Amino acid sequence: AGNPSVGECEDDSPYYCDANKVCGQWCPEMDIMEANIKAFQATPHSCNAPTPTGHYTNCDRAGCGLSTRDIPNSYGPGGTFQIDTTKPFDVETTWKANNMITK
């Protein structure tokens, strides 16, 4: 329910929202893969409860991410890392809900 708004990016990205209020709209966000050759991070962003019309008024802009920077020798360029980013590797995201797995 709610009353969606096209936001401030109406011409390029109508109805776009994220936890940093890009295009003037707040909404919960899940950054699944923020990465380069030196770090890999996943960051969920939560928001306050929506108003009766379905709009959020504030979100956790920083999020509570987990990063390979916090796990020594886990991810980076070269053979000393568990994941050597100079070579191809696969990433899989799995969501578990109600005893079911969705990929």
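Below is a summary of the structure that appears in this document. (Residues numbered from 1 in each chain as written. Predicted model: local features only at pLDDT ≥ 70, side-chain atom pairs only at ≥ 80, totals over all residues. Heavy atoms only, no water.)

A look at the environment of N20
Structurally, N20 can be placed in the segment before β1 (29–35). Each C-alpha atom of the pair N20 and N58 lies 8.9 Å from the other, and the pair is 38 residues apart in sequence. Residues within four places of N20 in sequence aside, it is in contact with W26, E29 and R61. (Helix = DSSP H or I, 4+ residues; strand = E, 2+ residues; numbered from the N terminus. Contact = heavy atoms within 4.5 Å.)

Remarks on the packing of aromatic side chains
In this structure the tally under the stated criterion is two aromatic pairs. Ring plane angle 70° and centroid distance 5.9 Å describe the contact between F40 and Y75, whose orientation is recorded as edge-to-face. With a gap of 35 residues between them, F40 in strand β2 (residues 40–45) and Y75 in strand β4 (residues 75–76) connect regions that are remote in the sequence. For the residue pair F40 and Y75, the accessibility class agrees, reading buried in each case. (Phe/Tyr/Trp six-rings, centres within 6.5 Å; stacked < 30°, edge-to-face > 60°. Buried < 20%, exposed > 50% of the residue type's maximum accessible area, 1.4 Å probe, protein only.)

Quick look at the state of the cysteines
By the definition in use, this model includes three disulfides. Here C9 engages in a disulfide with C23; their sulfurs sit 2.0 Å apart. Since a negative S-S torsion denotes a left-handed disulfide, the C9-C23 link at about -95° is left-handed. With C9 in the segment before β1 and C23 in the segment before β1, this residue pair connects regions lying 14 residues apart in the sequence. The partly exposed category is assigned to C9, whose relative accessible area is 24%. Residue pairing for C17: its cysteine sulfur links by disulfide to C27, the two sulfurs lying 2.1 Å apart. The sign of the 95° torsion about the S-S bond sets the C17-C27 disulfide as right-handed. Taken together, the residues span a long stretch of sequence, with C17 in the segment before β1 and C27 in the segment before β1 at a distance of ten residues. For C17, a relative accessible area of 27% puts it in the partly exposed group. The class for C27 is buried, based on a relative accessible area of 9%. C64 carries a free sulfur, and the closest cysteine sulfur to it, the one in C47, is 12 Å from it. (Disulfide = S-S within 2.5 Å.)

A few points about the sheet that holds β2
Taken in spatial order, the three strands line up as β1-β2-β3 in an open sheet, and their pairing is antiparallel. On the outer flanks of this sheet lie β1 and β3 (66–67), each paired with one strand and no other. Sheet topology places β1 next to β2; five bridges connect them, and they run antiparallel. Residue pairing across strands places E34 opposite Q41, the latter belonging to β2. (Pairing = 2+ DSSP bridges.)

Concerning the environment of D12
Secondary-structure assignment places D12 in the segment before β1. Each C-alpha atom of the pair D12 and C23 lies 9.8 Å from the other, and the pair is eleven residues apart in sequence.

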